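Summary of the model geometry
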Amino acid sequence: MFTHSDLWFALDEIAARNGLTPSGLARLAGLDSTALNKSKRVTAEGRLRWPSTESLAKILEVTNTGLEDFCRLATGKRSRNPKTSPVTAARFTTLQALREKMPQNLESFDTAEDWEYIAFPVPHANNVFVLEVSGNSLEPYYQDGEMLVVSPDAPLRRGDRVLFARKSGFIGARRLLRKTLTSYEFQGLVAGDGPLIVPEDDLNWVLRIVWVSQ
């Protein structure tokens, strides 16, 4: 029989081994972001609050955790050879949210309240973020609803598709032609687009796009 603390311990372990906070795990599973917070585990009257079977099922599914492994965690027994591998959770935001906050660098944007998390099938998802295009500001290159996987850590190379932010608040997507000592030269992504030269001191950041949804 599992106790109240057993179940919450198991959920905390699942979050930790996937590199998530309880809030991040809740968002990944499609739950309210505060559903797994420690402050919600006991009511103001002192009544124990248990995770629902529906919430547990969603968490196990999205983290690819087997019931047997969950039971091992709940009883304090870690499986030496778990049958499932941890889910790869990637940071997620929308173009609109990114534009509204307009960080000078991604480090200033990298806080728990800025990011949501989604499951993403790449082993290095902790080094990327998923950007959902919102609106038509990236047309004709990318349409509303398309997903861009962007890597803040990937080195920039000639010919890479990149996402860049200007200090004016403009966020654009182009192909990198060259980087000089003082500027970046970009090329559009459709035939007939001319080059765009932007002084480096007019840019907040330039990041490589490593994958685009089809």
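A brief report on the enclosed structure follows. Numbers given for residues are sequential positions, taken from 1 along each chain in its written order. The predicted origin of the model limits local features to residues at a pLDDT of at least 70 and limits the giving and counting of side-chain atom pairs to 80 or more, whereas totals for whole chains, interfaces and linings rest on all residues. In computing side-chain properties, one takes all heavy atoms of the structure into account and sets aside hydrogens as well as water.

A few words now on the packing of helix α1 (residues 4–17) against helix α4 (residues 67–74). The convention used is that axes are lines fitted to C-alpha atoms, helices contributing only their stretch in contact, and that angles between N-to-C directions extend from 0 to 180 degrees. A run of H or I in DSSP becomes a helix once it reaches four residues, and a run of E becomes a strand once it reaches two; helices and strands are each numbered from the N terminus. Relative to each other, α1 and α4 sit at 115°, their axes nearing to 8 Å. The orientation of α1 with respect to α4, classified from their angle, is roughly perpendicular. Considering only the axes of α1 and α4, their crossing is right-handed. When α1 is examined against α4, the residues Asp-6, Leu-7, Phe-9, Ala-10, Leu-11, Glu-13, Ile-14 and Arg-17 are found in contact with a partner set consisting of Asp-69, Phe-70, Leu-73 and Ala-74. Gly is placed with the polar residues, together with every amino acid not listed as nonpolar (Ala, Val, Leu, Ile, Met, Phe, Trp, Tyr, Cys and Pro) or charged (Asp, Glu, Lys and Arg). Here the contact of α1 with α4 is built from residues that sort into eight nonpolar, no polar and four charged. Angular relationships are summarised with four words: roughly parallel below 35 degrees, roughly antiparallel beyond 145, roughly perpendicular across 65 to 115, and oblique for the angles in between. Take the far helix as the reference: if the near one is turned anticlockwise from it by less than a right angle, the crossing is left-handed, and if turned clockwise, right-handed. We call two residues contacting when some pair of their heavy atoms lies within 4.5 Å.

Note that side chains of opposite charge can pair when their charged atoms are close. The salt bridge criterion pairs a side-chain nitrogen of Lys or Arg with a carboxyl oxygen of Asp or Glu, the two atoms within 4 Å. The full count for this structure, using the stated rule, is nine salt bridges. Its salt-bridge partner being Arg-41, residue Asp-12 comes within 2.8 Å of it at the nearest N-O pair. Of this pair, Asp-12 sits in helix α1 while Arg-41 is found in the loop between α2 (22–28) and α3 (53–62), placing the two residues 29 residues apart along the sequence. Here Asp-12 falls in the partly exposed class, since its relative accessible area comes to 23%. Salt-bridge contacts for Glu-54 lead to Lys-58; the nearest nitrogen and oxygen are separated by 3.6 Å. Of this pair, Glu-54 and Lys-58 are both found in helix α3, four residues apart, which corresponds to roughly one turn of the helix. For every residue, the accessible area (1.4 Å probe, protein chains only) is compared with the maximum for its type, and the residue is labelled buried under 20%, exposed over 50%, or partly exposed between those bounds. We classify Glu-54 as exposed; its relative accessible area is 52%.

Aromatic rings from Phe, Tyr and Trp, taking only the six-membered ring of Trp, are treated as a pair when their centres fall within 6.5 Å; an angle between ring planes under 30 degrees marks them as stacked, one over 60 as edge-to-face, and anything in between as tilted. Overall, the coordinates contain three aromatic pairs when judged by the stated rule. An angle of 5° between the planes, with centres 4.5 Å apart, marks the rings of Phe-164 and Phe-186 as stacked. Of this pair, Phe-164 sits in strand β5 (residues 161–166) while Phe-186 sits in strand β7 (residues 183–187), and the two are 22 residues apart along the sequence. Here the aromatic cluster, defined as three or more aromatic residues joined through ring pairs, consists of Phe-164, Phe-170, Tyr-184 and Phe-186.

This part is about α3. When α3 is considered as a whole, its buried residues turn out to be Ser-55, Leu-56, Ile-59, Leu-60 and Val-62. Two residues or fewer after α3 comes Asn-64, characterised by a positive phi angle close to 55°.

The next point concerns the side chain of Glu-185. Tracing the backbone through its elements, the reader meets Glu-185 in strand β7. Reaching out from Glu-185, the side chain makes a polar contact with the side chain of Arg-178 at a distance of 2.7 Å. Discounting chain neighbours no more than four positions away, the residues touching Glu-185 are Arg-175, Leu-176, Leu-177, Arg-178, Pro-195, Leu-196 and Ile-197. Counted as a polar contact is a pair of N or O atoms within 3.5 Å, where, for protein atoms, one must be capable of donating a hydrogen and the other of accepting one, and residues adjacent in sequence contribute only when both atoms are in side chains.

Take a nonpolar patch on the surface next. Nonpolar side chains (Val, Leu, Ile, Met, Phe, Trp, Tyr) within 5 Å and like charges within 9 Å form the patches, drawn only from residues with over 30% relative accessible area and no salt bridge. Residue exposure ignores everything except the shown protein chains as possible cover, and the areas themselves are Shrake-Rupley values with a 1.4 Å probe. Taken together, the side chains of Val-42, Leu-48 and Trp-50 make up a nonpolar region of the molecular surface, amounting to roughly 270 Å² of accessible area. Along the polypeptide, Trp-50 turns up in the loop between α2 and α3. By relative accessible area, Trp-50 is classed as partly exposed at 44%.

In this fold, Ser-23 is placed in helix α2. With relative accessibility at 18%, the residue Ser-23 sits in the buried group. At 3.2 Å, the side chain of Ser-23 forms a polar contact with the backbone oxygen of Ser-33. Residues within four places of Ser-23 in sequence aside, it is in contact with Ser-33 and Asn-37.

Here Trp-8 lies in helix α1. Under the relative-accessibility criterion, Trp-8 is labelled buried at 4%. Through-space distance from the C-alpha of Trp-8 to that of Ala-74 is 7.9 Å; in sequence the pair is 66 residues apart. At 3.1 Å, the side chain of Trp-8 and the side chain of His-4 are in polar contact.

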